[in-house]
Amino acid sequence: MTSEVRVDAGALHDLLRAVVAATGSAAQEAEQVATHLLEANLQGHDSHGIMLLPRYVDHVREGKLHPNVTPEVIRQEGSLALFDGRMGYGQQVGRIAMDWAINAARTHGHAVMGLRNVHHIGRVGTYGEQAAAAGMISVHFVNGVSGAPAVAPFGGSDGRLSTNPVCVTIPPAVPGGQPLVLDFATSAIALGKCRVAFNAGRAVPEGALVDAKGQPSTDPGVLYRDTPRGALLSFGAHKGYGLALVCEILAGALLGGATAWRPELRDRGIVNSWLAFVLDPARFGDIEAFRGELAAVIADVKASPPADPDHPVLVAGEKERITKARRLADGIPVDATTWGNLVAAARSLGINDVPPVR
Ligand code: NAD
């Protein structure tokens, strides 16, 4: 087999839906999870797409991920709610919790939503896009616990935090326009990329890793071979570390979710906790003035002469839309290992009808 295959989005969607349904999910949940994972690949975030599904299948089998769960309301006071995700599929439970926050923001002008103890919620931008489609601004802080933490605090030398993502989305300035979707992990690079590099015997870029003595390294073996192991770094030195830390506190600690420092919580599959703020921009005054200013600010930054003429200035969310258009047309590239793992997971559930690849 070649090192990469290409598969059409429609056929892949069918396979993903069938696999999730075979784990016990009702049709609507299977559709929700499949659509979310496929969209991550379409937008170029392969680390949060189909690659995860075999792990989800294992977690269902191990009783760490529960199909067909709805969030439990722990507290609800006006525009504030705290939900417990009961370790359901994050893509499904998260969408339900976001629906609540969007409706509450329609009523109150703003909403604060906490969701704890949910299995992996995937690409956080999905929920920002959900808010933006409803005309809402949204801000998200998420923490995660899955095994021993891999990300070192700034100046440290071992893993204390996860890749805790932050997301901010702003609805389009004009009807039919595109939202701004700022959505990133706070680690310098994805943990999955270190594993892939280690398996391939390759180095990772400078600035991403330290060894167990806190010294800079480009060798992913510091994470997967060395004892004691080294750590992944946050992006932007102390600044990314600061964001990762507030995710841990605002999402994990504040909501009563899992926090990475507790060893007893590390073997529960993937546990996310998530604090979201949803704001109705119309409640701040003149919405048309805001939209005009938003369009002008974006136009101004994009008018900066590009350092490289082949790479014009983009704003958050654009790169993903460009990638999606290309992948819808040309098919989704999937590395052979990921494809093999997905096909094996499908077959283990009795699904032998896998789509053709190019
Ligand atoms: P990334 O480093 O690719 O950064 C993505 C962000 O940068 C996007 O907003 C994108 O539009 C913007 N961007 C990229 N190139 C740009 C350019 N040239 N100009 C302007 N903006 C640009 O993303 P990442 O850190 O690898 O994160 C990938 C995904 O992983 C995210 O969707 C995140 O939510 C998800 N994630 C989830 C969890 C979880 O626990 N659920 C944990 C970590 C990450």
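Rules of the game
Residues numbered from 1 in each chain as written. Predicted model: local features only at pLDDT ≥ 70, side-chain atom pairs only at ≥ 80, totals over all residues. Heavy atoms only, no water. Helix = DSSP H or I, 4+ residues; strand = E, 2+ residues; numbered from the N terminus. Contact = heavy atoms within 4.5 Å. Domains from an automatic or database assignment. Buried area = accessible area lost by both parts, 1.4 Å probe. Salt bridge = Lys/Arg side-chain N within 4 Å of Asp/Glu carboxyl O. Polar contact = N/O pair within 3.5 Å; in protein donor to acceptor, adjacent residues only side chain to side chain. Nonpolar A, V, L, I, M, F, W, Y, C, P; charged D, E, K, R; others polar.

Asks: Give a description of the environment of Ala 105 that names residues and reports values.
Replies: The topology assignment puts Ala 105 in helix H4 (residues 90-108). Through-space distance from the C-alpha of Ala 105 to that of Glu 318 is 26 Å; in sequence the pair is 213 residues apart. Contact partners of Ala 105, with chain neighbours within four places excluded, come to His 110, Ala 111, Met 136, Val 278, Asp 280 and Arg 283.

Asks: Quick rundown of the environment of Trp 261? Include the residues and the values.
Replies: Along the chain, Trp 261 turns up in the loop between helix H8 (238-253) and strand S11 (271-279). When the C-alpha positions of Trp 261 and Pro 149 are compared, they lie 8.1 Å apart, and in sequence the two are 112 residues distant.

Asks: Can you lay out the domain arrangement of the protein chain for me, pointing to particular residues and giving the numbers?
Replies: Annotation of the protein chain at the domain level lists domain 1 (1-68 + 317-358) and domain 2 (69-187 + 234-303). The gap between the C-alpha centroids of domain 1 and domain 2 is 23 Å. Each partner contributes to the interface: domain 1 provides 27 residues, whereas domain 2 provides 26 residues. Summed over both sides, the interface of domain 1 with domain 2 buries roughly 2200 Å², with 52% coming from carbon and sulfur. If you look at where domain 1 meets domain 2, you find two salt bridges. Residue Lys 64 is joined to Asp 267 by a salt bridge in which the shortest nitrogen-to-oxygen separation is 3.2 Å. Joining domain 1 to domain 2, the criterion identifies 15 residue pairs in polar contact (both at pLDDT 80 or more). For the side of domain 1 that touches domain 2, the secondary structure elements donating two or more residues are helix H2 (27-42), helix H3 (53-61) and helix H10 (318-330). With eight residues, H2 is the single largest residue contributor to the side of domain 1 that touches domain 2. For the side of domain 1 that touches domain 2, the per-class residue count stands at nine nonpolar, 12 polar and six charged.

Asks: Before we move on, can you summarise the pattern of salt bridges with the specific residues and values?
Replies: For the structure on display, the rule yields 18 salt bridges. When salt bridges with common partners are traced through the structure, they connect Asp 14, Arg 17 and Glu 31 into a single cluster.

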